[in-house]
Amino acid sequence: MSEAGAGSPPDESGAVSRPVTDAAAPRLVADRAVPRLVVRGALAVRTGPGARADGSGTPAQGAGAKPGGPAAGPWSGAEEPGGDIVIGADGRVLEIRTGADGAGAPQAFGASSDTGVEVLDATGCVVTPGLVNAHHHLLQTAFRTLPGTRGVPMRDWLALMAAAYRRAGVDAGLVGAAARAGLAEALLSGVTTVADHHLTWPAGLDPAATADLARATAAAADDLGARLVLVRGTAGDDAETAALSADAVADALVGGAPGGVRADGRVQVAVGPAGVHSDGEATFRLLAEVAQQRGLRRRTQANEQVDVAVALERYGRRPLDLLDEWGWLAPDVTVAHLCDVTDEEIDRVAASGASATHAPGCDVPMGWGVAPVARLLAAGVTVGLGTSGGGSNDAGHLLADARLAMQVSALVGRQLAAREVLDAATAGAADGLGRPELGRIAPGSAGDLCVWDVSGVADAGVADPVAGLLWAAPGRRPRHVVVGGRVVVRDGRLVTADERAVARGLSRRLARVAA
């Protein structure tokens, strides 16, 4: 998907706005100037890399920025001044008023019960862009803490998970229930966009029928109000069948939308094999053809424990050698994990323009390695953050995994700073999806926000409230979550569904397996 140019910022679909020259221009401008929501009185607003704290700059200007290094000196408030954020009727950020300019901003926009403009109280809170989970396997939400699956070699884990899928009988009902639970958990953790690398497709399904599973996931996202990137993945599927299925999934979810992003920006489709350990050159090449024809992003996994071992056994080469040869090191590709990489391989990824995703909540507790994030960033690689699936992580709390990323970073390089990891969980992850309108708070960016309460005892004595989001109580729930100007979590509770009913729905589906 092409990034926004130097002109107008992207709309909700990520497309760049074109100049309007007909008689509709005044009406469009007026609509965009109408506020829908005001987030008032934030202690600090973390806008993201590449955009100044006063809100100036556009997503396009920040799109190429890499997450920055440690901030110099103690937190003074100048880096992320407090203030108000105004979201327009089109679901995009209209204005940011920081510091003294923020006082009275809601009144300036007529925000009251009389005008219909909603006001969210952010007193004592830090506001960040909505978090972007760059790598998840939502189906695995149904397979957490399975006996025998912890601390085992990756080969054994893959076999155990495959057996669990067979017992459960993967169908649209299970996929939808697992996605609904995983996406609800995501929103309650401050994650507004989830990239779901779906790898498990029942054998014998007609390619057109596979679209039903994808529709079940997309329906869950639409119902709950989350953004979804559905990655039609493969894990040993027949190459031609996988390509036909990817085409059918894209047609069903986004049609011919540019960049594979639905017009409202809420659903995106991408493609990607699980890795060279499970899929051969034909699969990579055929899925690349689908991606090229439809303008889709590509995603895969590389240089985890089993990936390196199988590549050496089967091909006598390392995974990134094969990805490079097969055309899968390119600017439209994101590679997850990258635990076991050499300096030369890091340079190769950087030169290709490919991005990376760090998933410490999966790789570290399973003993599969630690990605050298600081070295990747130093080489110029855009790095996002993901949780991976419940079968290895057991949780979908990206902020908690951000803390883990900081904690283990010094084992393989320098200590990562809170802000650069937070930026990886927002702008870095969004850029890897080709979505520069996400992961930032700037005029014209998508109105996806998290309001984090830092006034409680868990944050008492914290000198830097932005860094404290990760270091202190990273398992916290946000006070409010907004997606495209719509409040989906209010006062720590889902607005769009009953949390316990969502959990019961998945439990009932799994009870059929146990019976």
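Located above this text is the structure these notes cover.
Analysis parameters
- Numbering of residues begins from 1 in every chain and follows the order in which that chain's sequence is written.
- Restriction of local features to residues with pLDDT of at least 70 applies here, the model being predicted, together with a cutoff of 80 or more for giving and counting side-chain atom pairs; totals for whole chains, interfaces and linings are based on all residues.
- Side-chain calculation: all heavy atoms of the structure are included, whereas hydrogens and water are not.
- For the purposes of this entry, the term helix denotes a DSSP run of H or I that reaches at least four residues, the term strand denotes a run of E that reaches at least two, and both are numbered from the N terminus.
- Contacts: residue pairs with any heavy atoms within 4.5 Å of one another.
- Surface accessibility in these figures is a Shrake-Rupley result with a 1.4 Å probe; residues are shielded only by whichever protein chains are displayed.
- The buried label applies to any residue whose accessible area, calculated with a 1.4 Å probe on protein chains only, is under 20% of its type's maximum; exposed applies above 50%, and partly exposed to all values in between.
- By convention a crossover is right-handed if, when the strands point away from the viewer, the path from the first strand over the helix to the second runs clockwise.
- Here, any two strands with at least 2 DSSP bridges between them count as paired.
- Axis definition: a line fitted to C-alpha atoms, limited for helices to the stretch in contact. Angles are taken between N-to-C directions and run from 0 to 180 degrees.
- By definition here, a salt bridge exists when the distance from a side-chain nitrogen of Lys or Arg to a carboxyl oxygen of Asp or Glu is within 4 Å.
- Two aromatic rings, drawn from Phe, Tyr or Trp (for Trp, its six-membered ring), form a pair once their centres lie within 6.5 Å of each other, and the interplanar angle then sorts them: stacked below 30 degrees, edge-to-face above 60, tilted otherwise.
- Note on criteria: charge over ring means Lys NZ or Arg CZ within 6 Å of the ring centre, with the direction from the centre no more than 35 degrees off the ring normal.
- Note on angle classes: values under 35 degrees are labelled roughly parallel, values over 145 roughly antiparallel, values of 65 to 115 roughly perpendicular, and the remainder oblique.
- Residue polarity follows a fixed list, in which Ala, Val, Leu, Ile, Met, Phe, Trp, Tyr, Cys and Pro are nonpolar, Asp, Glu, Lys and Arg are charged, and the others, Gly among them, are polar.

**Regarding the overall build of the protein**
- A tally of helices and strands in the protein yields 17 helices and 18 strands.
- At a minimum sequence separation of 6, the contacts of the protein that also span at least 24 residues come to 77%.
- With an accessible surface of roughly 18100 Å², the protein has 54% of that area assigned to carbon and sulfur atoms.

**Brief notes about the pairing of strand β13 (residues 355-358)**
- Of the two faces of β13, the one lined by Ser-355 and Thr-357 and the one lined by Ala-356 and His-358 are each fully buried.
- Remark: the strand β12 (residues 333-337)/helix α11 (residues 343-352)/β13 crossover connection has right-handed handedness.
- Sheet topology note: the β13/strand β14 (residues 383-385) ladder contains three bridges and is parallel. Bridge pairing in β14 links Thr-357 to Gly-384.

**Regarding unusual backbone geometry**
- We note that Ala-473 has phi near 50 degrees; this positive angle belongs to a residue other than glycine.
- Following the sequence through the fold, Ala-473 ends up in the loop between α16 (465-471) and β16 (480-483).
- By relative accessible area, Ala-473 is classed as partly exposed at 33%.

**What to know about the sheet that holds strand β5 (residues 118-121)**
- Pairing is mixed across the open sheet formed by four strands, whose spatial order is β4-β3-β1-β5. Single-partner strands in this sheet number two, and they are β4 (93-98) and β5. Looking at each pair of strands side by side, their axes are set apart by 15 degrees on average, direction ignored.

**Some points on the sheet that holds β14**
- Strand order in the open sheet made by the eight strands is β7-β8-β9-β10-β11-β12-β13-β14, with parallel pairing throughout. Strand pairing shows two members of the sheet lacking a second neighbour, β7 (131-136) and β14, which therefore form its edges. Averaged over all neighbouring strand pairs, the angle between strand axes comes to 25 degrees, with direction disregarded.
- Against the sheet, helix α15 (residues 418-432) makes contact with β7, β11 (297-302), β12, β13 and β14, and its axis sits at roughly 110 degrees relative to β14, the strand it touches most.

**Observations regarding the pattern of salt bridges**
- In the structure shown here, the tally under the stated rule is 34 salt bridges.
- Ionic pairing is found between Arg-509 and Asp-171, a salt bridge with its closest N-O pair at 3.3 Å. Within this pair, whereas Arg-509 is found in helix α17 (residues 499-514), its partner Asp-171 is found in the loop between α4 (154-168) and α5 (172-188), the two being separated by 338 residues in sequence.
- The residue Asp-237 makes a salt bridge to Arg-232 at a minimum N-O spacing of 3.0 Å.
- When its relative accessible area of 22% is taken as the criterion, Asp-237 is described as partly exposed.
- Residue classification places Arg-232 among the buried positions, given a relative accessible area of 2%.
- Each of Arg-46, Glu-80, Arg-419, Asp-423 and Asp-464 takes part in salt bridges that share partners, so that together they form one network.

**What to know about the packing of aromatic side chains**
- Within this structure, the stated rule accounts for five aromatic pairs.
- For the ring pair Phe-284 and Trp-328, a centre distance of 5.1 Å and an interplane angle of 90 degrees mean the geometry is edge-to-face. With a gap of 44 residues between them, Phe-284 in helix α8 (residues 281-294) and Trp-328 in the loop between α10 (319-325) and β12 connect regions that are remote in the sequence. Taken individually, Phe-284 and Trp-328 each receive the classification buried, so the pair is uniform in this respect.
- Between Tyr-315 and Trp-326 the ring centres are 5.8 Å apart and the planes differ by 75 degrees, which places this aromatic pair in the edge-to-face class. Taken together, the residues Tyr-315 in helix α9 (residues 305-315) and Trp-326 in the loop between α10 and β12 connect sequence positions eleven residues apart.
- Classification of Tyr-315 by relative accessible area gives partly exposed; the value is 30%.
- Connected via pairs of aromatic rings, a cluster forms that spans Phe-284, Tyr-315, Trp-326 and Trp-328.
- Positioned above the aromatic ring of Trp-328 is the side chain of Arg-298, whose terminal nitrogen or guanidinium carbon lies 4.8 Å from the ring centre.

**Some remarks on the packing of α4 against α9**
- One way to put it is that α4 packs onto α9 with a least axis distance of 8 Å and a crossing angle of 105 degrees. Here α4 lies roughly perpendicular to α9, going by the angle between them. Every residue of α9 that contacts α4 at Met-154, Arg-155 and Leu-158 is listed here: Gln-305, Val-306, Ala-309, Val-310 and Glu-313.
- Here the contact of α4 with α9 is composed, by residue class, of five nonpolar, one polar and two charged.

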